[in-house]
Amino acid sequence: EKTASIAPSAGAPPRVTKVATATGLSGDGSYYKSHIDLTITHQGTGLGEFATRFKLPPGAWVQDYYLVIDGKKVPGILAERKSALWIYQQIRNARRDPGIIYYTSADELILRVFPVTEGEPRQTGFELIHREPLAFELDGTRIDLKVKPLPLAVQGQRDGDDNFVVVSAVGKAA
């Protein structure tokens, strides 16, 4: 597990102030599952909304999302973009605690969390699936997931749920 801390700027909008990662192999060893845990802090006054846009490298996908609400890790719902945005806005308007992560393109995502108040850090995070080492930047913080590349998928190889074939970027280029 790796952890990095970032000092927040006074009066700035909510920012990621801590990142922790943990990576392990899937049950059948055909891909990695990396947990990205974030702490978000707000140094301004009133209610702040955290929002960031980031890109994932080819071969990495978000599989799961969570937001900690009242000390409990609440799993997110994976939904298509339009529905997810509507649900997020409805929850936000009711002054409850929504969080959302959604794709804007094949490799770009937006992560939003509301509310983030001064002196009350929020915890959120997501799980990535991938077969190779990867690095990306999220809210000004570089996240490196250093793993050993897995062998190329063999035609017909399925994951444990018999749903899909995971092919590495090198395999796609071949």
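Keep in mind it's a predicted model, so treat the numbers as computed, not measured.

Rules used in this analysis
Residues numbered from 1 in each chain as written. Predicted model: local features only at pLDDT ≥ 70, side-chain atom pairs only at ≥ 80, totals over all residues. Heavy atoms only, no water. Salt bridge = Lys/Arg side-chain N within 4 Å of Asp/Glu carboxyl O. Helix = DSSP H or I, 4+ residues; strand = E, 2+ residues; numbered from the N terminus. Buried < 20%, exposed > 50% of the residue type's maximum accessible area, 1.4 Å probe, protein only. Pairing = 2+ DSSP bridges. Axes fitted to C-alpha atoms, helices over the stretch in contact; angles between N-to-C directions. Contact = heavy atoms within 4.5 Å.

### Looking at the pattern of salt bridges
Here's step 1: On inspection of all chains with the given rule, the structure shows four salt bridges.
Here's step 2: The partner of Asp-139 in a salt bridge is Arg-15, and the shortest N-O contact between them spans 3.0 Å. Residue Asp-139 is found in the loop between strand 10 (134–138) and strand 11 (141–145), and its partner Arg-15 is found in strand 2 (residues 15–25); the two are separated by 124 residues along the sequence.
Here's step 3: Close ionic contact of Asp-144 with Arg-142 constitutes a salt bridge, the shortest N to O distance being 3.2 Å.
Here's step 4: Asp-144 gets classed as partly exposed once you look at its relative accessible area, which sits at 25%.

### A short note on the sheet that holds strand 7 (residues 99–103)
Paired through backbone hydrogen bonds, the strands of a sheet run either parallel or antiparallel to each other.
Here's step 1: The antiparallel open sheet is built from three strands, whose spatial order is 4-8-7. A single partner strand is all that each edge strand has here, and the edge strands are strand 4 (47–55) and strand 7. Direction aside, the axes of adjacent strands within the sheet are offset by 15° on average.
Here's step 2: Bridge count between strand 7 and strand 8 (residues 108–117): five bridges; the pairing is antiparallel. Paired with Ile-100 across the bridge in strand 8 is Arg-112.
Here's step 3: Of the strands in this sheet, strand 4, strand 7 and strand 8 are in contact with helix 1 (residues 81–93), which crosses strand 7 at around 160°.

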